[in-house]
Amino acid sequence: MTDGNPVDSVETMFGTPAAPTLWLSPMEGVTDPPFRHICKGYGADILVTEFISSEALIRNAKKSFDKMAFEPSDAPTAIQIFGHDEKSLCEAAELAAARKPAFVDINWGCPVRKVVSKGAGAGILRDIPRMVSVTAAVVRQLAPLGMPVTVKTRLGWDFSDLPIVEAAERLQDVGIACIGIHGRTRSQLYAGEADYTLIKAVKENPRMRIPVIANGDIDAGPKAKAVLDYTGADGLLIGRAAMGNPWIFTQIKHYLSTGEELPLPDLATRKAACLAHFAALVAHYGPVVGGQLIKIHYSGYFKGLSGFKPFKAQLMRTADYAEAADILEEYRLSMA
Ligand SMILES: Cc1cc2nc3c(=O)[nH]c(=O)nc-3n(C[C@H](O)[C@H](O)[C@H](O)COP(=O)(O)O)c2cc1C
């Protein structure tokens, strides 16, 4: 199953409460191969591609196939797919499985209107029987390949209907290997604070046997520990807090093992990491696209540091690596 993506054991790969895993949460336009590789280097245990349209995959769209690429050294990497049509999802899951990821994840959590309006992503949370039957079909499709299927979802569509405890159990019963839960409803989008009460309830359901991964607003060691302690989860999915701060995985691991918070990296370290990221994007996409893609990461790399604003404005006006390196050096000198 995993010759391109070796893992010790499927049973422990997802984590346990005693040895929780830290996942890089899938993020469209962010968790591309260069960023995943960087996060792996700073301690992410499991990497997930951004969501990939099942319809695009079965229509052989090159861009979507490119999103599935990963280096064997970045194992375990999972491929996440989304869609609304059972047949397309099954076919796409098989195309994803052919890349030999550690597992295939189904996105049942994306809140974006054009996704949910078709019944894909979090749209499925209004129809749990369909969520269960479509997931079961994907599990059946990949079972002969020995490829695990997982689900990432939210608490429910809105606060009037929070089906996650029952849904998680039913998804388990049709054969998913692990479930990731973002502690928000679809209607919240990203507003308000993530609520872990129902993630704890899923984990405490005596009929649940599969690992449960908690997600939402985890941005530092103390928060990670609090969420793990409260929910009893087997791991954490970390999304936005990793943008421009791939050290988050090291920081959380250090905190979980010592109870001490590591200091944030200094400006010189952040500058070096940002430029290494820029170089990796250029190597992967070429200078034009790479020079644009780094721009979403600048704020994260220099978050909380004073005096960055005018330099960020300059950085946003260039896509050239050498020019960006000069601007960042000027910034460093201005702060020295
Ligand atoms: C820019 C962006 C893109 C995202 N794309 C995806 C995606 O492709 N698949 C997915 O399951 N979730 C996606 N998410 C949701 C995140 O994986 C995560 O569930 C959410 O941001 C909450 O976790 P966080 O507070 O750690 O960021 C995305 C989030 C952001 C901010």
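Since the structure is predicted, the reported quantities are computational estimates derived from the model, not experimental observations.

J.: Mind showing me how you'd approach the packing of aromatic side chains here?
T.: For any pair of aromatic rings, geometry is given as the distance between the ring centres together with the angle between the planes. Here the structure, examined in full by the defined rule, presents 11 aromatic pairs. Plain terms: the ring middles of F14 and W23 are 6.2 Å apart, the flat faces sit at 20 degrees to each other, and that makes the pair stacked. For F14, a relative accessible area of 1% corresponds to the buried category. You can call W23 buried: its relative accessible area is 4%. Relative to W247, the ring of Y42 has its centre 5.6 Å away and its plane inclined at 55 degrees; by these criteria the two rings are tilted. With Y42 in the loop between α2 (33-41) and β2 (46-53) and W247 in the loop between β8 (235-238) and α11 (248-258), this residue pair connects regions lying 205 residues apart in the sequence.

J.: Explanation requested: the domain arrangement of the protein in the structure shown.
T.: Frequently, the measure chosen for interface size is the accessible area that the parts lose on association. For the protein, the assigned domains read domain 1 (10-258) and domain 2 (267-335). For domain 1 versus domain 2, the distance between C-alpha centres works out to 30 Å. The contact between domain 1 and domain 2 buries some 950 Å² in all, and 71% of this surface belongs to carbon and sulfur atoms. For the domain 1 face of the interface with domain 2, the top three residues by lost area are P34, G244 and W247, together amounting to 42%.

J.: I would appreciate a short explanation of the environment of P246 in the present structure.
T.: Structurally, the position occupied by P246 is in the loop between β8 and α11. Counting along the chain gives 42 residues from P246 to E204, while the straight-line C-alpha distance between them is 31 Å. Not counting residues up to four positions away in its chain, the partners in contact with P246 are I38, C39, Y42 and Y301.

J.: Would you mind going over a negative patch on the surface with me for this structure?
T.: On the surface, D320, E323, D326 and E330 cluster together into a patch of negative charge. Its place among the elements puts D320 in the loop between α15 (309-316) and α16 (321-335). Since its relative accessible area comes to 38%, D320 is described here as partly exposed.

J.: So what exactly am I meant to see when it comes to the pattern of salt bridges here?
T.: Once their charged atoms are close, side chains differing in charge can pair, the charge on each being opposite to the other. Per the stated rule, a full pass over the model turns up 14 salt bridges. Here D234 makes a salt bridge to K203, at a shortest N to O gap of 2.7 Å. Here K203 lies in helix α9 (residues 197-204) and D234 lies in the loop between α10 (221-231) and β8, a separation of 31 residues in the sequence. The partly exposed category is assigned to K203, whose relative accessible area is 24%.

J.: Whenever I open this one, the packing of helix α5 (residues 86-97) against helix α7 (residues 128-142) confuses me. Can you help?
T.: The description of two packed helices rests on the angle between their axes and on the distance between the axes. Relative orientation of the contacting elements α5 and α7 amounts to 35 degrees, with a least axis distance of 9 Å. Between α5 and α7 lies a crossing whose hand is right-handed. On α7, the residues touching E86, L89, C90, A93, E94 and A97 of α5 are S133, V134, A137, V138, Q141 and L142. Residue composition of the contact of α5 with α7, grouped by class: 8 nonpolar, 2 polar and 2 charged.

What counts as what
For every chain, the first residue of the written sequence is number 1, and numbering continues from 1 onward in sequence order. Since the coordinates come from a predicted model, pLDDT governs what is reported: local features require at least 70, and pairs of side-chain atoms require 80 or more to be given and counted, while whole-chain, interface and lining totals use all residues. Only hydrogens and water are removed before side-chain values are computed, so all heavy atoms of the structure are retained for them. Classification of ring pairs uses Phe, Tyr and Trp, with its six-membered ring standing for Trp, and accepts pairs whose centres are within 6.5 Å; under 30 degrees between planes counts as stacked, over 60 as edge-to-face, and the remaining range as tilted. Classification of residues uses two cut-offs on accessible area relative to the type maximum, computed with a 1.4 Å probe and protein chains only: under 20% is buried, over 50% is exposed, and between them is partly exposed. Numbered from the N terminus, helices here are DSSP runs of H or I no shorter than four residues, and strands are runs of E no shorter than two. Here the bounds of each domain stem from an automatic or database domain assignment. Buried area: the accessible area, evaluated with a 1.4 Å probe, that two parts lose upon being put together, summed over both parts. We call two residues contacting when some pair of their heavy atoms lies within 4.5 Å. Patch definition: residues with relative accessible area over 30% and no salt bridge; like charges joined within 9 Å; nonpolar side chains (Val, Leu, Ile, Met, Phe, Trp, Tyr) joined within 5 Å. Only the protein chains shown count as cover for residues, with accessible areas throughout obtained via the Shrake-Rupley method and a probe of 1.4 Å. In the sections that follow, a salt bridge refers to a side-chain nitrogen of Lys or Arg positioned within 4 Å of a carboxyl oxygen of Asp or Glu. In this tally, Asp and Glu contribute negative charge and Lys and Arg positive charge; neither His nor the terminal groups of the chain are included. Where a charge lies is defined by one atom per residue type, namely NZ (Lys), CZ (Arg), CG (Asp) and CD (Glu). Angles shown run from 0 to 180 degrees and are taken between the N-to-C directions of axes, each axis being a line fitted to C-alpha atoms and, for helices, limited to the stretch in contact. Note: crossing handedness is left-handed where the near helix turns anticlockwise from the far helix by less than a right angle, and right-handed where it turns clockwise. Residues were grouped as follows: Ala, Val, Leu, Ile, Met, Phe, Trp, Tyr, Cys and Pro as nonpolar; Asp, Glu, Lys and Arg as charged; and all remaining residues, including Gly, as polar.

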